[in-house]
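Remarks on the overall topology
Chain by chain, the residues:
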Number of protein chains: 2
Amino acid sequence: MTDAPVVTAAMLAIGDELLSGRTKDRNIGHLADMLFLAGIDLKEVRIVGDEEEHIVEALNALRSRYGLVFTSGGIGPTHDDITADAVAKAFGVPCSHDPLAMTLMAEMYARRGMEFNEARQRMARMPEGARHIPNRVSTAPGFVIGNVHVMAGVPQVFVAMLEALMPDLPAGRPMLSRSVVSPFGEGDIGTALTAIQKAHPETSIGSYPRFDGNRFSTEIVIRSRESTPAEAAERDIMAMIADIAGTKAAG
Amino acid sequence: MTDAPVVTAAMLAIGDELLSGRTKDRNIGHLADMLFLAGIDLKEVRIVGDEEEHIVEALNALRSRYGLVFTSGGIGPTHDDITADAVAKAFGVPCSHDPLAMTLMAEMYARRGMEFNEARQRMARMPEGARHIPNRVSTAPGFVIGNVHVMAGVPQVFVAMLEALMPDLPAGRPMLSRSVVSPFGEGDIGTALTAIQKAHPETSIGSYPRFDGNRFSTEIVIRSRESTPAEAAERDIMAMIADIAGTKAAG
């Protein structure tokens, strides 16, 4: 595993409803969790509205910079679902009704006694050359073109599509993570923690303040791609917390 | 109010923890809600990690494009809190300990019998020329420089800072919003809804699928800065839903 490459990723969440506050995004956190488990580094997220020019620009910026890009939203059957067209435009290829998607969806709607009308057929549109991401929830597939993975915005469907996709993603080099809870706020530990970070450059030490309405405490997270430096940093952090506790008890 | 300008905004959420999945962001949705109420258009959100170059680049892109920029995160007392320095760098000004912030914080820590140490003093750093955003939760202020509003990542503090800030923001031209719930999925209404959107170009009609584990339904949201076009679109949407219900009942 040590020799696996570092794989970077970005997410583009698409939808006016995320920017108006009407919908609170749940897909970003889920993707972050899943990529972390896969050892893939999520480096940037953008949220944009349902505007083609804006989607194309963000997508081109992200796909040229990161190894993998994941999008959510805008692949439903209505006029404001413009993600497939925007992705096709970003790649400079035509967008059309995919024959396999049309067949799968026609069968599903026939089984359910529902009309496979023009709006629903819109969900079979994808850029030429794209391959499917299966959708076990509601059939209409997501798709992959180049390094861009296009998924639905409805969380249940996003989760299902990502689950289908995960086995095909490149295996990244897992990031090891250790967490130490400090009963002291960042203000108490900040100076010492800065010194510990400097002493352990192979690790990335993050500190995450918590506030219970009365007092701050801190979760300290040590991340590293190797275990030895992470263990050494963890020992120093434990010693630091014991030191501060001792000082406070003495004071 | 009709003559108030359209005010655009963007958010930059800063923190490795948001990208690793360790922390699920709650500030984006809150800012979206508050800006919507103020009639300010949130147009884009970016999330980046604790890397100076990346923060500077994203900030410069957003502040040149949108009227207002709001950031969250990275203004605590530890080595990974680099937002103040990154913002100063983006504006090309020095970053130093603000005398008023130092005084306020020294008083607060003295009252609480806590040491105002080097780490805590770090929270008084801000770009030269910045003005404070008050923090009634934990004193250390956020700040405003140019059109950029820098706030804490801890949600309780973010909420308090934004509350303090709201009265000073330019009054945007409120977006009116009406919502109609369709018991039918987007597939049933998509074609007709596209026609309704075309017939009412002064409105922005969004459709938001919901899935209860079995069936899709749709919330249709009509947004407009004037009430007359929104009312007309709403009437057409109600008629469309009645039509589809009638067709289904007849079938």
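Cut-offs used in this document
Residues numbered from 1 in each chain as written. Chains lettered and ligands numbered in written order. Predicted model: local features only at pLDDT ≥ 70, side-chain atom pairs only at ≥ 80, totals over all residues. Helix = DSSP H or I, 4+ residues; strand = E, 2+ residues; numbered from the N terminus. Rg over C-alpha atoms; globule rule 2.2 N^0.38 Å. Buried ≥ 20, exposed ≤ 12 C-beta atoms within 10 Å, placed from the backbone. Contact = placed C-beta atoms within 7 Å. Least-squares fit on C-alpha atoms with pLDDT ≥ 70 in both. Pairing = 2+ DSSP bridges. Axes fitted to C-alpha atoms, helices over the stretch in contact; angles between N-to-C directions. Nonpolar A, V, L, I, M, F, W, Y, C, P; charged D, E, K, R; others polar. pLDDT = per-residue confidence, 0-100.

1. A look at the overall build of chain A
Per the secondary structure count, chain A includes nine helices and 11 strands. Its C-alpha radius of gyration of 23 Å places chain A more than 25% over the 18 Å reference for a compact globule of 251 residues. Buried positions account for 49% of the 251 residues belonging to chain A. Here the contacts in chain A between residues at least 6 apart in sequence split such that 68% fall between residues at least 24 apart.

2. Regarding the relation of the copies chain B and chain A
Each copy superposes on the other: chain B lies on chain A with an RMSD of 0.0 Å after a rotation of 180 degrees and an axial shift of 0.0 Å. Overall, the copies show the geometry of a two-fold rotation axis. For chain B, the residue whose C-alpha comes nearest the rotation axis is Arg-46 of chain B, separated from it by 2.2 Å. Counting the interface residues of chain B, we find that 100% of their copies in chain A are interface residues as well, pointing to one common contact surface.

3. Brief notes about the sheet that holds strand S11 (residues 216-224) of chain A
Backbone-to-backbone hydrogen bonds join strands into a sheet, with any given pair of strands oriented parallel or antiparallel. All names here are of chain A. Across the sheet, which stays open at both edges, the three strands sit in the order S9-S11-S10 with antiparallel pairing between neighbours. Of all strands in the sheet, those with a lone pairing partner are strand S9 (176-182) and strand S10 (204-211), marking the two edges. Taken pair by pair, the neighbouring strands of this sheet meet at an average axis angle of 20 degrees, ignoring direction. Note that S9 and S11 share seven bridges and pair antiparallel. Paired with Val-181 across the bridge in S11 is Glu-219. Contacting S9, S10 and S11, helix H8 (residues 186-199) crosses the sheet at an angle of about 175 degrees to S10.

4. Points about the interface of chain B and chain A
At the interface, 45 residues of chain B touch 45 residues of chain A. Of all the secondary-structure elements, those providing two or more residues to the side of chain B that touches chain A are helix H1 (16-19), helix H2 (27-37), strand S2 (40-48), helix H6 (118-122), helix H8 (186-199) and strand S10 (204-211) of chain B. Here the residues of the side of chain B that touches chain A are counted per class, giving 15 nonpolar, 17 polar and 13 charged. Bridging between strand S2 (residues 40-48) of chain A and S2 of chain B involves five bridges; their strand directions are antiparallel. Across the sheet, the residue bridging to Arg-46 of chain A is Arg-46 of chain B, located in S2 of chain B.

5. Side note on the confidence of the model for chain A
Confidence in the prediction of chain A, expressed as mean pLDDT, is 93, and 98% of residues score 70 or more. Under the prediction, the complex receives an ipTM of 0.85, its pTM being 0.85.

6. Notes on the pairing of strand S8 (residues 148-151) of chain B
Residue and element names in this part refer to chain B. Residues Val-148 and Val-150 line one face of S8 and the alternating positions His-149 and Met-151 line the opposite face, and both faces are buried. The pairing of strand S3 (residues 68-72) with S8 spans four bridges and is classified as parallel. Among the inter-strand pairings, Thr-71 is bridged to a residue of S8, identified as Val-150. Note that strand S7 (residues 142-145) and S8 share three bridges and pair antiparallel. For Val-144, the partnering residue across the bridge sits in S8 and is His-149.

7. Considering the environment of Gly-92 of chain A
Residue and element names in this part refer to chain A. Along the chain, Gly-92 turns up in the loop between helix H4 (83-91) and strand S4 (95-97). The exposure class of Gly-92 is exposed, given the 7 C-beta atoms found within 10 Å. Between the C-alpha atom of Gly-92 and that of Glu-115, which follows or precedes it by 23 residues, the distance is 32 Å.

8. Topic: the sheet that holds S10 of chain B
All names here are of chain B. If you walk across this open sheet you meet the three strands as S9-S11-S10, and the pairing is antiparallel. Where the open sheet ends on each side, the last strands, each with one partner, are strand S9 (176-182) and S10. Neighbour to neighbour, the strand axes of the sheet diverge by 20 degrees on average, direction disregarded. Contacts from H8 reach S9, S10 and strand S11 (216-224) within the one sheet, and its direction differs from that of S10 by about 175 degrees. Of the strands in this sheet, S9, S10 and S11 are in contact with helix H9 (residues 227-250), which crosses S9 at around 0 degrees.

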